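Below are the chains, spelled out letter by letter.
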Amino acid sequence: MDFELTEDQKRLKESFAQLCAKEIAPKADHIDREAIFPKDNIELLGKSGYLGMGFPEEYGGSPGDHITKAILGEELAKACAATYLSAGASAGLFAVPVWKFGTTSQKQKYLPPVLTGKKIGALAITEPHAGSDVLSIKTTASKKGGYWVLNGSKTFITNGPVADYYVVVAYTDKEKKRDGISLFLVDNGTKGFSRGKPLDKLGVRGSPTSELFFDDCEIPEENLLGELNNGFYSLVQTLTHGRIGMAVYSLGIAQACLEECINYAQERTAFGKKLAYFQDIHFKIADMKMYVDVARELIYKAAWMLEQDDPQAILFASLAKLFISEHATKIASDAVQIFGGYGYMKGYKVERLYRDVKLGEIGEGTSEIQRAIITRFVEEQY
Amino acid sequence: MEFNISKEDLEFKESVYRFALKELAPLSQKLEYDDREEFIIENWRKMGEFGLLGLPYPEEYGGAGASVLTTTLAAEALGYAGVDAGLLLSWGAHMILCGVPIWQLGTEAQKKKYLPKLASGEWIGGLGLTEPNAGSDAAGIQTTAVKKGDRYILNGSKMFITNGPIGNVFVVAAVTDKSKKAFGISAFIVEKGMKGFSAGKKLSKLGVRTSPTSELIFEDCEVPEENLLGEPDLGFVNVIKLTLEWERSCLVAPAIGGLELGLKGAVEYAKQRKQFGKPIIKFQAIRHKIADLKMNLEAVRQIVYKVAWLKDKDIPAMMEASVAKLFVSEIMEKMSSEVLQVFGGYGFIKDYLVERGYRDSRLSSIGGGTSEIQRGIIARSILNFK
């Protein structure tokens, strides 16, 4: 057992934290307020090697394990949750299935531009009538000559309005349910493919989200990703990455709340003394610290298990995501409380964090879905 | 970073579990001990024979030289086997709170005299710190020790002392220089039978009723000077420093096992209990309680192991230990309530162990530093205030 970060991890964390604090955090408020996609941030993350970490070097990747990715991800999410989310949707949700299930030519085409931040990727699963209940999707793909023809629509797609490439989930044999789903690569600009306008959201407003429409959208047959009718299982294999990623999202926001409160409680005076002296305030901060520290260990454990290909990694990813996302929501609410009126005002970081944090309980499988998954494991165990 | 547990540790944990399930659990699960508030001495002796009562002490003093992590794993196994929380509390007070200070601060003669007896279980130990008017504010104790010839004369009383009624030896804190506050409190090894020392009658408690608790009374109690433990005036500070991280890993570790046992029990019950024509495990409200139990169990496990690991590495972990202690206590209370809820009416009556578990769990946010004290320690480690 070894709970300590390696020297490399410590060094990387520090330099990446500096980069985030200098280049990314200062823009976060503006990005949120104007709902601007921070394309330059993504490029910067590509250059810094963050996006490609853990991917093979031949496709633009760089060495790195899942724990290191989580360590750096926390710094990014802390600086700007919207940038973190879009980066994760592109270099994680899109790139991981391409890497795991793609042909050499697919990997050669899609991975280098996405991992270097020059192009943006997205993963399209959710539909207007199929969120948690993935098997209820209606989008279909049928073979016609040398093409696949896609019909249907997607919604709540992170990077939807700005992506260059999409992994799209569609039924190729609806009767067979989970054994009839396939994945497809769709390039922006393909005939019959269009994108809705950015949806107006509560939080992570700098990370654009939209609907996608497939209207007799024709894609070449070589754009099938992975085996035909095996798409559901391919997705399941990548879920662990996404869930750990979303857990790190919540962790970064919770840590940001904690740091904001630590500073504010030592600056703000009330009744003749600093807020930190009041027991109610410093107990709230102690609770934040406790949940953040416990969650971080749980996330590292899940990341380590994923690294080991442990079959329970998916369970631990769910445990970690459920744990931190719900506590982070409470932490952000307490942070606004500690800031009082200021916390309720635009321009104060905790106001944004309070809005951003809620996504952690919804994205990458709601808390309800995580609980369902966890119970299925436990039921079998005892 | 890696989270593998060594093969030897896993095997040891498994052997403790099998031993406890076979040898300790049958009596531990008899509720009449809880009813009568009776310490299960037969189990205590068996724990001694198995070598569990002095695990971390060096072999030359009758221990097994176990690491903090190994000791923590053993504690977890005992909890999971269903050993009564009272016995495990007494174990912690004996082996950690009394034995560790003697091992770490004691003279060679003190270690030779006390540790083998503690490790075998022939003697039962305890720590006398809390007083009627000094609980969380431990440095506010009023018991005094005055040097007189070759002995110290102790006067005062101690309160809520685990193993008080059954203990043979106690590490006792007493003020030797009031002007120096926390740095004027010494530690003494006091034996049952020393003149002027007596234990009060057993206190009747809400939970952990198989672990006897009482006052300790010192009336011109004469303690030989060679029973001073550690440096004069600094015994208290050193005892606290030494036992704290042990206390907040090993001592809370039975809770990991207890939580898992509660989870297992709730799952098994929910599978067989039928309402509205189906097993209640089919209801989402029950399923999601089970998910929360599992989530919190794994979180508790990871954070307690971390404190044990830090302690084994000799990395100062005051704040981490408080995080773990606070978290475990919060979870114990909430989760024992959720387990009881799954059992419904049956959970509320005495025939089911969940009722006892619910009562036992309530101690966790009081003993070993209240949750409020832990929050204070955490806050002070990250915020600048006095």
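Because the structure is predicted, anything quoted here is derived from the model rather than measured.

1. What about the overall build of chain B?
Thinking step 1. Counting its regular elements, chain B contains twelve helices and ten strands.
Thinking step 2. Here the C-alpha atoms of chain B give a radius of gyration of 21 Å, agreeing with the 21 Å that 2.2 N^0.38 yields for 386 residues.
Thinking step 3. Oriented by its inertia axes, the alpha-carbon framework of chain B measures out at about 80 × 45 × 40 Å.
Thinking step 4. Of the contacts made within chain B by residues no fewer than 6 positions apart, 75% connect residues no fewer than 24 positions apart.

2. Looking at the confidence of the model for chain B
Thinking step 1. Looking at chain B as a whole, the pLDDT averages 96, with 100% of positions reaching at least 70.
Thinking step 2. If you check the scores for this complex, the pTM reads 0.96 and the ipTM reads 0.94.

3. Points about the interface of chain A and chain B
Thinking step 1. Contacts between chain A and chain B engage 38 residues on the former and 34 residues on the latter.
Thinking step 2. Grouping the constituent residues of the side of chain A that touches chain B by class yields 24 nonpolar, four polar and ten charged.

4. A few points about the domain arrangement of chain B
Residues and elements named next belong to chain B.
Thinking step 1. Partitioning chain B into structural domains gives domain 1 (7-124), domain 2 (126-233) and domain 3 (248-382).
Thinking step 2. Contacts between domain 2 and domain 3 engage four residues on the former and seven residues on the latter.
Thinking step 3. Considering only residue class, the side of domain 2 that touches domain 3 consists of two nonpolar, two polar and no charged.

5. Examining the domain arrangement of chain A
Residues and elements named next belong to chain A.
Thinking step 1. When cut into domains, chain A gives domain 1 (7-118), domain 2 (122-230) and domain 3 (232-381).
Thinking step 2. Inter-centroid distance (C-alpha atoms) of domain 2 to domain 3 is 30 Å.
Thinking step 3. In this assembly, ten residues from domain 2 lie in contact with eleven residues from domain 3.
Thinking step 4. Of the residues in the side of domain 2 that touches domain 3, the class split is five nonpolar, four polar and one charged.

6. Remarks on the pairing of strand 1 (residues 121-124) of chain A
Residue and element names in this part refer to chain A.
Thinking step 1. A two-sided burial pattern is seen for strand 1, the buried positions comprising G121 and L123 on one face and A122 and A124 on the other.
Thinking step 2. Where strand 1 and strand 4 (residues 165-171) come together, four bridges link them in parallel fashion. When the sheet's bridge partners are listed, A122 is paired in strand 4 with Y166.

7. Re the environment of B:S67
Residue and element names in this part refer to chain B.
Thinking step 1. Summarising the element assignment, S67 is placed in the loop between helix 3 (41-50) and helix 4 (68-80).
Thinking step 2. What makes S67 partly exposed here is the crowd of 17 C-beta atoms within 10 Å.
Thinking step 3. Spatially, the C-alpha atoms of S67 and G277 are 51 Å apart, while their sequence positions differ by 210 residues.

8. Observations regarding the environment of B:R375
Thinking step 1. Inspection of the secondary structure assignment puts B:R375 in helix 12 (residues 371-382).
Thinking step 2. Residues B:R375 and B:E191 lie 184 residues apart in sequence; the distance between their C-alpha atoms is 35 Å.
Thinking step 3. Discounting residues that sit within four places of it in the chain, B:R375 has contacts with A:F283, A:A286, A:D287 and B:L326.

9. Considering helix 7 (residues 235-247) of chain B
Thinking step 1. Compared with the 18 Å implied by 1.5 Å per residue over 13 residues, the 17 Å span of helix 7 of chain B between its first and last C-alpha is a close match.
Thinking step 2. Taken residue by residue, helix 7 of chain B has B:G235, B:F236, B:V239, B:T243, B:L244, B:E245, B:W246 and B:E247 as its buried positions.

10. Quick look at the packing of helix 8 (residues 254-272) of chain B against helix 9 (residues 284-312) of chain B
Residue and element names in this part refer to chain B.
Thinking step 1. Here helix 8 crosses helix 9 at 160 degrees, and the two axes come no closer than 10 Å. By the angle between their directions, the pair helix 8 and helix 9 is classed as roughly antiparallel. Here helix 8 runs over helix 9; the crossing is left-handed. Between helix 8, through A255, I256, L259, E260, G262, L263, A266, V267 and A270, and helix 9, the contact on the second element is made entirely by I286, I290, L293, K294, L297, V300, R301 and V304.
Thinking step 2. Classifying every residue of the contact of helix 8 with helix 9 gives 13 nonpolar, one polar and three charged.

11. Some details on helix 12 of chain B
Thinking step 1. With twelve residues, helix 12 of chain B ought to run about 16 Å at 1.5 Å a step, and its terminal C-alpha atoms sit 17 Å apart, in line with that.
Thinking step 2. Regarding helix 12 of chain B, the residues found buried are B:S371, B:Q374, B:R375, B:I378 and B:A379. The arc that holds the buried residues of helix 12 of chain B, viewed along the axis, is 130 degrees, so those residues lie on one side.
Thinking step 3. Contacts made by the buried residues of helix 12 of chain B are with helix 8 (279-307) of chain A together with helix 10 (318-348) of chain B.

12. Regarding the pairing of strand 7 (residues 209-220) of chain A
Residue and element names in this part refer to chain A.
Thinking step 1. As paired strands, strand 3 (residues 147-158) and strand 7 are joined by nine bridges and run antiparallel to one another. Among the inter-strand pairings, W148 is bridged to a residue of strand 7, identified as I219.
Thinking step 2. Pairing of strand 6 (residues 193-195) with strand 7 involves three bridges; the strand directions are antiparallel. Residue pairing in the sheet places S194 in a bridge with F213 of strand 7.

The rules behind each value
Residues numbered from 1 in each chain as written. Chains lettered and ligands numbered in written order. Predicted model: local features only at pLDDT ≥ 70, side-chain atom pairs only at ≥ 80, totals over all residues. Helix = DSSP H or I, 4+ residues; strand = E, 2+ residues; numbered from the N terminus. Rg over C-alpha atoms; globule rule 2.2 N^0.38 Å. Contact = placed C-beta atoms within 7 Å. pLDDT = per-residue confidence, 0-100. Nonpolar A, V, L, I, M, F, W, Y, C, P; charged D, E, K, R; others polar. Domains from an automatic or database assignment. Buried ≥ 20, exposed ≤ 12 C-beta atoms within 10 Å, placed from the backbone. Pairing = 2+ DSSP bridges. Expected span 1.5 Å × (residues − 1). Axes fitted to C-alpha atoms, helices over the stretch in contact; angles between N-to-C directions. Parallel < 35°, antiparallel > 145°, perpendicular 65-115°, else oblique. Left-handed = near helix turned anticlockwise from the far one by under 90°. Arc of directions from axis to C-beta.

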